[in-house]
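Tertiary structure, described
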Amino acid sequence: MTHLPSRFLSLDVFRGMTLCFMIIVNNPGGSVSFSPLEHAVWHGFTPTDLVFPSFLFAVGNAMSFSMKRYAELGNAAVLSKIFKRTVLIFLIGYLMYWFPFFVNKGGHFSLSPIADTRIMGVLQRIALCYCFASLMIHFLSKQTVFILSGLFLTGYWLILLVYGDPADPLSITGNVGLFLDKFVLGESHMYHGEHIAFDPEGILSTLPAIVNVVVGYYAGKYIQQKGKGYEAISKLLLTGCLFIFLALCWNMVFPINKKLWTSSFVLITTGLDLVILSFLVYSLEINHWNKWNWTRFFTIFGKNPLPIYVLSEILGFFLGFIIIRPGLDIAAWSNTAVYQVIAPGAVGSLLFALTYMFICWLAAWVLDKRKIYIRV
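Rules used throughout
Residues numbered from 1 in each chain as written. Predicted model: local features only at pLDDT ≥ 70, side-chain atom pairs only at ≥ 80, totals over all residues. Heavy atoms only, no water. Core = buried A, V, L, I, M, F, W, Y, C linked by side-chain atoms within 4.5 Å. Buried < 20%, exposed > 50% of the residue type's maximum accessible area, 1.4 Å probe, protein only. Helix = DSSP H or I, 4+ residues; strand = E, 2+ residues; numbered from the N terminus. Contact = heavy atoms within 4.5 Å. 1 Å grid on protein atoms, 1.4 Å probe; cavity = no way out; pocket = protein on both sides within 12 Å on 5 of 7 lines; lining within 4 Å. Points joined across faces, edges and corners; volume = space filled by probe spheres on them. Nonpolar A, V, L, I, M, F, W, Y, C, P; charged D, E, K, R; others polar. Phe/Tyr/Trp six-rings, centres within 6.5 Å; stacked < 30°, edge-to-face > 60°. Lys NZ or Arg CZ within 6 Å of the ring centre and 35° of its normal. pLDDT = per-residue confidence, 0-100. Axes fitted to C-alpha atoms, helices over the stretch in contact; angles between N-to-C directions. Parallel < 35°, antiparallel > 145°, perpendicular 65-115°, else oblique. Left-handed = near helix turned anticlockwise from the far one by under 90°. Salt bridge = Lys/Arg side-chain N within 4 Å of Asp/Glu carboxyl O. Expected span 1.5 Å × (residues − 1). Patch = residues over 30% accessible without salt bridge, like charges linked within 9 Å, V, L, I, M, F, W, Y side chains within 5 Å. Areas by Shrake-Rupley, 256 points an atom, 1.4 Å probe, with all protein chains shown as cover. Lys, Arg positive; Asp, Glu negative; His and termini not counted. Charge placed at Lys NZ, Arg CZ, Asp CG, Glu CD.

1. A few points about the nonpolar core
In this structure, Met 63 and Phe 301 are the most contacted members of the largest nonpolar core, which totals 98 residues. At eleven residues, the largest contribution of residues to this core is made by helix α7 (residues 206-226). Non-local contacts of Met 63, meaning those with residues more than four positions away in its chain, are made with Tyr 130, Ala 133, Ser 134, Ile 137, Val 213 and Tyr 217.

2. Section: the layout of surface pockets
Estimates place the volume of the largest pocket at around 1,100 Å³. Lining the largest pocket are 35 residues, with Val 25, Asn 26, His 39, Tyr 191 and Lys 258 sitting closest to its centre. If you list the elements that add at least two residues to the lining of the largest pocket, you get α1 (9-26), α2 (51-66), α3 (75-98), α11 (305-321) and α13 (346-369). For the lining of the largest pocket, the per-class residue count stands at 20 nonpolar, eight polar and seven charged.

3. Considering the packing of aromatic side chains
Applying the stated criterion across every chain yields a total of 22 aromatic pairs. Measuring from centroid to centroid gives 5.4 Å for Trp 157 and Trp 250, while their planes differ by 80°, and the two rings are edge-to-face. Here the residue Trp 157 occupies a position in helix α5 (residues 142-163), and Trp 250 occupies one in helix α8 (residues 230-250), the gap between them amounting to 93 residues. According to the relative accessible area criterion, Trp 157 is partly exposed, its value standing at 23%. Residue Trp 250 is classed as buried on the basis of its relative accessible area of 15%. Seen from their ring centres, Phe 358 and Trp 361 are 5.6 Å apart, and the 10° between their planes marks the pair as stacked. Pair noted here: Phe 358 and Trp 361 are both in helix α13, with a separation of three residues, about one helical turn. Feature note: the residues Trp 294, Phe 297, Phe 298, Phe 301, Phe 358 and Trp 361 constitute an aromatic cluster, connected by ring pairs. Directly above the ring of Trp 261 sits Arg 125, whose terminal nitrogen or CZ lies 5.0 Å from the centroid.

4. Topic: the confidence of the model for the protein chain
Residues with a pLDDT of 70 or more make up 96% of the protein chain, whose mean pLDDT is 90. When mean pLDDT is compared element by element in the protein chain, α5 scores highest at 97, while strand β1 (residues 102-105) scores lowest at 68. Below pLDDT 50 for its whole length, residues 1-6 participates in twelve contacts with residues either more than four positions away or in separate chains.

5. Some points on the packing of helix α4 (residues 122-139) against α7
For the pair α4 and α7, interaxial distance at closest approach is 8 Å and the crossing angle is 60°. Taken together, the axes of α4 and α7 lie oblique to each other. Here α4 runs over α7; the crossing is right-handed. On the side of α4, the interface is formed by Arg 125, Leu 128, Cys 129, Phe 132, Ala 133, Met 136 and Ile 137, while α7 contributes Thr 206, Ala 209, Ile 210, Val 213, Val 214, Tyr 217 and Tyr 218.

6. Focus on the pattern of salt bridges
As enumerated under the stated definition, the model contains ten salt bridges in all. A salt bridge links Arg 118 to Glu 201; the shortest N-O distance between them is 2.6 Å. On the criterion of sequence distance, the pair formed by Arg 118 in the loop between β2 (108-111) and α4 and Glu 201 in the loop between α6 (176-184) and α7 is long-range, its members being 83 residues apart. Classification of Arg 118 by relative accessible area gives buried; the value is 10%. With a closest N to O distance of 3.4 Å, Arg 296 and Asp 368 form a salt bridge. Residue Arg 296 is found in helix α10 (residues 295-303), and its partner Asp 368 is found in helix α13; the two are separated by 72 residues along the sequence. On the basis of relative accessible area, Arg 296 is assigned to the partly exposed category, the value being 34%. Taking relative accessible area as the criterion, Asp 368 reaches 3% and is therefore assigned buried. Put simply, Arg 118, Asp 199, Glu 201 and Lys 258 are held in one network by salt bridges that share partners.

7. Quick look at α2
Between its terminal C-alpha atoms α2 stretches 23 Å, which fits the 22 Å expected from 16 residues at 1.5 Å a residue. Of all 16 residues in α2, 16 are buried, a share of seventy percent or more.

8. Focus: a positive patch on the surface
On the surface, Arg 69, Lys 81, Lys 84 and Arg 375 cluster together into a patch of positive charge. Accessibility expressed as a relative area gives 48% for Arg 69, which makes it partly exposed.

9. Some words on the side chain of Lys 258
Relative to the assigned elements, Lys 258 resides in the loop between α8 and α9 (263-286). In this structure, Lys 258 is in contact with His 39, Asp 49, Phe 52, Glu 201 and Phe 265, ignoring residues within four places of it in sequence.

10. Things to note about α11
A rise of 1.5 Å per residue sets the reference length of α11, with its 17 residues, at 24 Å; its end C-alpha atoms lie 25 Å apart and thus fit the reference within 8%. If you check which residues of α11 are buried, you get Pro 305, Leu 306, Pro 307, Ile 308, Tyr 309, Val 310 and Ser 312. In the core, the buried residues of α11 are packed alongside α1, α2, α3, α4, α10 and α13.

Okay, here's the thing in structure tokens:
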């Protein structure tokens, strides 16, 4: 995922902006935040809900460049590359949740039990979606990929309705995805951030998420084929608006829901991504609105997305180990003693998140300055 001369600046900026916003919303200073910087409680949509699907969309963009080389390779070599990358990304995500690998019990350190480690997660979903999207795009025709994508969205809707709890098949405790995860993974290997065992990156909801990568791939490929012209951005913009319209219509019977990753959620996120990408192509590729080279801030993020994302997650663990006093780590203390004093409430929380993001950006800047680009 290095910055190659053939890449479009708009695609690199899109990826960098996505990572930047992801770090901000994942690391608020306190429990009080602006509502747009929080996920929807269940049904509904906020700008924060757009972050993760945009990352999948950006993965598809990157694939539109890397998969050109696959056509020159044999099937065995292609499968080896796809599965190797899938396993590595999945393993990094799994180890990140297992980190720091040990627990302190009364001054005695022991290995953290694997039995309580979450199996699915953000990087794991990226790995699986990349894998299935790559296999589909490489081995199937474009028309077949489109048909399969449509079947994923409609099939997922029917599966939730038919096999979920008849009383409320789209509830957090009644959806069939929860039943499947409990059966396959077990509650101890699932996410518990909702105060129950429920994984928003579960097995079944990965199916519609594949479509986010597929749309990102064909959007990136279309821009390369059509170039930096008004025809390209107009068609991208119209397609994005069509997806948003269909999502809002589908929302009336199949609500937009990030945690279930509903099919209407796929359509509204890919639609918004296409609209945003159209604007970036128009402003950066056609009109060159890049005074003072402001895009460099985001392209530095975009050159090392995986290591900077992992850093942003692991840094939070390390800050949690630095205890100021019982029950108060250095991150919570700095938010209370510094940011909440400067600007109490949601503003102080946002300032903390921006500072945290900037620290991660400095790490990305150091890697870029030394020409170090870590890719899997």
